[in-house]
Amino acid sequence: MAQNKDYYNLLGVDKSATKKEIKKAYKKLAMKYHPDRAPEEKKVEYEEKFKEISEAASVLGDDTKRSKYDQFGSSAFSGGGAGGSGFQGFDFSDIMSQFRFGGGGGDDIFDSLFGGRGQRGRRVYQGSDLLYEMTITLEEAATGTTKTIQINKLDHCGECKGKGGTNISSCSTCNGSGQTSTVQRTPFGAFRQQRPCHACGGEGEVPENVCGPCGGEGLQRKKKKLDVKVPKGIESNMRLRLTREGEAGKNGGPYGNLFVQISISAHKYFERRSDNLHITVPISFHQAVLGDEIEVHTITGKAILKIPKGTDSETIFRMKGKGMPHLRSTTIGDQMVKVHIEVPKKVSKKQKEALDKFKDNPSKGFFADLFSK
Ligand SMILES: [Zn+2]
Ligand SMILES: [Zn+2]
């Protein structure tokens with residue numbers, strides 16, 4: 001299983017490369033192969049590549065590991081090998097998120113990658129993403145809108161600026177490793193069990209003067225008002241992403257994102273089918289027979305629809321460009337108007353006579369007389 005990998009080759013550097021050159025090469029490749037940038041069909045390939053180069057960089061970027069690698073090859077780092085420190089437990093998602101949100105990757109990334117934990121402050125965590133559900137009207141979806149929302153989220157503590165306190169020093173319980181281990185003896189042998197240190201929460205470091213307002217967490221729950229711009233043409237269940245408006249990360253880490261999930265409330269008259277709007281409008285027997293121009297409501301106002309004479313009930317007319325705008329485009333859907341002929345349920349004696357006459361002797365103008373009463 002432990003095939004030998006050429007870490008220098010993976011990073012495209014030569015054996016005499018300096019640490020700086022290694023970092024630079026890794027940063028470039030990590031940006032290129034970040035799984036977030038992968039085309040859908042290459043997600044797995046990119047992720048594998050990303051892991052490989054991260055593994056290579058974490059070895060070549062650490063002097064001790066590098067000299068071990070130069071002597072024994074990569075097998076020194078696969079679990080149980082001569083080196084012992086394998087890549088099990090290597091948190092790629094953390095590395096990835098730092099590339100994603102660190103604006104191309106600050107030096108923190110290299111600290112956590114190149115075994116530098118504890119050298120430049122504690123490991124940072126990306127904050128959680130938040131989801132906000134917003135309901136808007138169909139009219140608002142047609143024109144676009146801006147809504148002010150208030151969210152309640154974890155933010156960096158204003159008092160300690162997210163650090164959790166002052167005089168941060170190595171944890172005495174775990175000697176800065178962040179882990180405590182217990183040895184269990186069983187008939188099959190001794191098992192060493194590792195757990196995150198309870199004193200420092202696995203951080204390896206603790207502030208000497210714990211911040212009061214946040215109790216050392218570095219985070220505080222705060223209310224925040226935000227203006228959310230909802231683009232016209234949005235559809236139900238679409239999500240808007242507000243970059244870095246999620247929760248703050250621990251130890252001064254980057255913010256997560258805020259997702260606003262849209263739902264559009266049902267409309268009394270309109271039914272949306274993709275970009276088209278469907279509506280049913282009543283017309284009279286008279287209008288159906290003789291034709292007319294009627295005023296029809298649209299999602300943004302009113303428009304005139306011509307009913308040709310001799311229109312059957314349930315005929316559908318298309319009003320071009322009166323539907324919903326297509327999201328982030330200039331295309332606009334149509335309004336489909338179905339006309340429904342309302343048949344009078346009661347007729348007067350005079351109307352009945354007129355209708356009888358129509359039956360025997362149909363003529364133009366007849367219904368005008370009938371309904372103008
Ligand atoms: Zn604080
Ligand atoms: Zn500890």
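### So, the overall build of the chain
Consideration 1: Across its full length, the chain carries ten helices and 15 strands.
Consideration 2: Partitioning the contacts of the chain with sequence separation of at least 6, the portion at a separation of at least 24 is 63%.
Consideration 3: Within the structure as shown, the chain displays about 22,100 Å² of accessible surface, and the carbon and sulfur contribution to it stands at 48%.

### Notes on the coordination of the zinc ion (ligand 2)
Consideration 1: The zinc ion (ligand 2) binds to the protein through Cys 171 (SG), Cys 174 (SG), Cys 197 (SG) and Cys 200 (SG); the donor distances cover 2.3 Å.
Consideration 2: Considering all four donor atoms around the zinc ion (ligand 2), the spread of angles at the metal, 101 to 116°, places the coordination shape in the tetrahedral class.
Consideration 3: Each donor residue of the zinc ion (ligand 2) belongs to the same chain, and together they define the spacing C-x2-C-x22-C-x2-C.
Consideration 4: Residue Cys 171 is classed as buried on the basis of its relative accessible area of 3%.

### Overview of unusual backbone geometry
Consideration 1: Even without glycine at this site, Lys 161 takes up a positive phi of about 55°.
Consideration 2: Position of Lys 161 among the secondary structure elements: in the loop between β2 (145-156) and β3 (165-170).
Consideration 3: In the Ramachandran plot, Asn 175 falls in the positive-phi region, its phi being about 55° despite a non-glycine side chain.
Consideration 4: Among the structural elements, Asn 175 can be located in the loop between β3 and β4 (179-186).

### Side note on the side chain of His 156
Consideration 1: Take His 156: it is sitting in strand β2.
Consideration 2: In this structure His 156 comes out as buried when scored by relative accessible area, which is 18%.
Consideration 3: Here the side chain of His 156 touches Gly 249 through a polar contact of 3.2 Å, landing on its backbone oxygen.
Consideration 4: Excluding anything up to four places from it in sequence, His 156 contacts Gly 162, Gly 218, Leu 219, Lys 222, Ala 248, Gly 249, Gly 252, Gly 253 and Tyr 255.

### Remarks on the coordination of the zinc ion (ligand 1)
Consideration 1: Distances from the zinc ion (ligand 1) to its protein donors, Cys 157 (SG), Cys 160 (SG), Cys 211 (SG) and Cys 214 (SG), fall at 2.2 to 2.3 Å.
Consideration 2: Bound by four donor atoms, the zinc ion (ligand 1) shows angles of 103 to 115° at the metal and therefore tetrahedral coordination geometry.
Consideration 3: One chain supplies every donor to the zinc ion (ligand 1), and in sequence these donors are spaced C-x2-C-x50-C-x2-C. Taken as a pair, Cys 157 in the loop between β2 and β3 and Cys 214 in the loop between β6 (205-210) and β7 (219-230) lie far apart in primary sequence, 57 residues in all.
Consideration 4: The buried category is assigned to Cys 157, whose relative accessible area is 1%.

### Topic: the sheet that holds strand β9 (residues 258-264)
Consideration 1: Read from one edge to the other, the open sheet built from three strands follows the order β1-β9-β8, with strand pairing classed as mixed. Among the strands making up the open sheet, the edge pair consists of β1 (130-136) and β8 (239-242). The average angle at which neighbouring strand axes cross in this sheet is 25°, direction not considered.

### So, helix α3 (residues 43-60)
Consideration 1: Between its terminal C-alpha atoms α3 stretches 26 Å, which fits the 26 Å expected from 18 residues at 1.5 Å a residue.
Consideration 2: Tyr 46, Phe 50, Ile 53, Ser 54, Glu 55, Ala 56, Ala 57, Ser 58, Val 59 and Leu 60 are the residues of α3 that are buried.

### Remarks on helix α2 (residues 19-32)
Consideration 1: Compared with the 20 Å implied by 1.5 Å per residue over 14 residues, the 20 Å span of α2 between its first and last C-alpha is a close match.
Consideration 2: Of all the positions in α2, only Ile 22, Ala 25, Tyr 26, Leu 29 and Ala 30 are classed as buried. All buried residues of α2 lie within an arc of 130° about the axis, which places them on one face of the element. Residues of α2 that are exposed and point more than 90 degrees away from the buried face comprise Lys 20, Lys 24, Lys 28 and Lys 32.

### A word on the pattern of salt bridges
Consideration 1: Under the counting rule described, the total for this entry stands at twelve salt bridges.
Consideration 2: Put simply, Lys 51 and Glu 47 hold a salt bridge, and the shortest N to O gap is 3.6 Å. Taken together, the residues span about one helical turn, with Lys 51 and Glu 47 both in helix α3 at a distance of four residues.
Consideration 3: Residue class for Glu 47 comes out partly exposed when judged on its relative accessible area of 32%.
Consideration 4: Where Arg 318 meets Asp 334, a salt bridge forms, and the shortest distance between an N and an O atom there is 2.5 Å. With Arg 318 in strand β14 (residues 316-319) and Asp 334 in the loop between β14 and β15 (335-342), this pair connects stretches of sequence that are 16 residues apart.
Consideration 5: The class of Asp 334 is buried, set by a relative accessible area of 7%.

### As for the sheet that holds strand β11 (residues 276-284)
What holds strands together in a sheet is hydrogen bonding between their backbones, with the strands either parallel or antiparallel.
Consideration 1: Reading across from one edge, β10-β11-β15-β14 is the order of the four strands in this open sheet, with mixed pairing throughout. The strands lining the two open edges of the sheet, one partner per strand, are β10 (271-273) and β14. Averaged over all adjacent pairs, the angle separating strand axes in this sheet is 35°, with direction ignored.
Consideration 2: Summarising the sheet, β11 and β15 pair through eight bridges and their orientation is parallel. From the neighbouring strand, Val 281 faces β15, where its bridge partner is Val 339.

What counts and how
Residues numbered from 1 in each chain as written. Chains lettered and ligands numbered in written order. Predicted model: local features only at pLDDT ≥ 70, side-chain atom pairs only at ≥ 80, totals over all residues. Heavy atoms only, no water. Helix = DSSP H or I, 4+ residues; strand = E, 2+ residues; numbered from the N terminus. Contact = heavy atoms within 4.5 Å. Areas by Shrake-Rupley, 256 points an atom, 1.4 Å probe, with all protein chains shown as cover. Donors = N, O, S within 2.8 Å, 3.2 Å for Na, K, Ca; no water. Tetrahedral: all angles 85-135°; square planar, octahedral: opposite > 155°, others 65-115°. Buried < 20%, exposed > 50% of the residue type's maximum accessible area, 1.4 Å probe, protein only. Polar contact = N/O pair within 3.5 Å; in protein donor to acceptor, adjacent residues only side chain to side chain. Pairing = 2+ DSSP bridges. Axes fitted to C-alpha atoms, helices over the stretch in contact; angles between N-to-C directions. Expected span 1.5 Å × (residues − 1). Arc of directions from axis to C-beta. Salt bridge = Lys/Arg side-chain N within 4 Å of Asp/Glu carboxyl O.

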